[in-house]
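Results of the structural survey
Now for the letters of each chain:
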Amino acid sequence: MSALSNNTVQRQPAQPSSIVENRRRVLFACCDENWPASALLRAHVFAEQLRDELFVLQVQSQPRATWRFRHTKAPLASLAKLEALEKSHAALLKRCAGILWPGLPNSRFRTTEGDFVETTVMVAAELGAELIVLPPLPRNGGDAAAQVAHAARVPVLVARPGRSQNTVVAATNLRDSRYPVLRHARSVSSMLQADLILVHNVEPAMMIPTPEVATLWLDAMPRTDVAAQTQRLATVAESMPHCVGAVVKYEANTAQAILEASRSCDADLIVVGVARRYSRWERLLRKSVAARVADHAYRSVLLFPIGPPSSESVVMVGA
């Protein structure tokens, strides 16, 4: 029986690995019904390229309780909730059938209610998914994607329509000599038969209070660090197949530097690392570089979880 054969609200505990079928899976998770069809198509393409089975999860947000419903009888409320979920599930099946060809078996769909991040992580664990695909979420989507990557410990793709150039941009801070993000990006570029471009931003070592001060300080700062990092990144690029370039930026805003590099080559995909812990700048600004890139990119962003002792995730250096 498929791991998603229960299509409605009933939550199942994570199954032991011996029970879960020994197949690779991609999970497409969406909120409610408002998501672009291009995101599901992107998930389908990745599943085909990975030779994985595609599963679809739709998470309905939980309605907030109000005093008007305080005395509602539980059986009636449960029945109304179940009917609403069944209606939403039927709409999901119909919409996906009009997007995907050939269609997926009904057993690969689930509609449930709950917290989006928690539910997505739980279902991904049940399936043993090796990739989670999310559509761009309307509010705090980057933060949600980063949280899913943290908790599920699998890559999370924020899917957008493809670009004209088959190019993958990989961002690195060059702090981990194993380069986990770059190695993962190399695998992705090989799978997609895409060119690979490496990006690194030289970060200021001190706090810059205003853009005016930042400009003066960056102009006065010696360029020796830039030259050294440029040489190091070029050496790494030479060792990677499909790598056609390496770009070293010199900006106060690392997220913006990554976005500018990807736009300059009209990249189809950006690969960014997500560390388990936020840096001081990220805690101050309450959003990581990966989340900002996922929110503001015009193309798909792949968030790759990095665990200790690696520190490959990029660090926020400016607002």
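As a reminder, the structure under discussion sits directly above these lines.
Here's a quick rundown of the structure. (Residues numbered from 1 in each chain as written. Predicted model: local features only at pLDDT ≥ 70, side-chain atom pairs only at ≥ 80, totals over all residues. Heavy atoms only, no water.)

**Comments concerning unusual backbone geometry**
At the junction of Trp101 and Pro102, the peptide bond is cis and its omega measures out at 0° in the coordinates. Along the chain, the position of Pro102 falls in the loop between α2 (74-99) and β3 (109-113). At Arg51, a residue that is not glycine, the phi angle is positive and equals roughly 60°. As for its placement among the helices and strands, Arg51 is situated in the loop between α1 (37-50) and β2 (53-60). Despite not being glycine, Leu174 has its phi angle at roughly 65°, a positive value. (Helix = DSSP H or I, 4+ residues; strand = E, 2+ residues; numbered from the N terminus.)

**A look at the pattern of salt bridges**
Enumeration over the complete set of coordinates arrives at 10 salt bridges. A salt bridge links Arg42 to Asp268; the nearest nitrogen and oxygen atoms lie 2.7 Å apart. Here Asp268 lies in the loop between α8 (254-264) and β9 (269-275) and Arg42 lies in helix α1, a separation of 226 residues in the sequence. Of the two residues, Arg42 and Asp268, neither departs from the other in class, the shared state being buried. A salt bridge links Arg108 to Glu53, with the shortest nitrogen-to-oxygen separation between them at 3.8 Å. Of this pair, Arg108 sits in the loop between α2 and β3 while Glu53 is found in strand β2, placing the two residues 55 residues apart along the sequence. Where salt bridges share partners, they join Arg24, Asp52 and Glu130 into one cluster. (Salt bridge = Lys/Arg side-chain N within 4 Å of Asp/Glu carboxyl O. Buried < 20%, exposed > 50% of the residue type's maximum accessible area, 1.4 Å probe, protein only.)

**Some details on the environment of Leu131**
In this structure, Leu131 sits in strand β4 (residues 131-134). Judged by its relative accessible area of 5%, Leu131 falls in the buried class. Separated by 81 residues in the primary sequence, Leu131 and Leu50 have C-alpha atoms spaced 9.6 Å apart. Excluding residues that lie within four positions of it along the chain, Leu131 makes contacts with Arg25, Val26, Leu27, Phe46, Leu50, Pro155, Leu157 and Leu302. (Contact = heavy atoms within 4.5 Å.)

**Things to note about the nonpolar core**
Ranked by size, the top nonpolar core spans 48 residues in total, and within it Phe28, Leu40, Leu54, Leu198 and Leu269 carry the most contacts. A total of 6 residues in this core trace back to one element, the largest contributor, which is α1. Here Leu40 is in contact with Phe28, Trp35, Leu54, Val56, Cys96, Ile99 and Leu100, once residues within four sequence places are set aside. With 39 residues, the next largest nonpolar core counts Val59, Leu137, Val156 and Ile258 among its residues. (Core = buried A, V, L, I, M, F, W, Y, C linked by side-chain atoms within 4.5 Å.)

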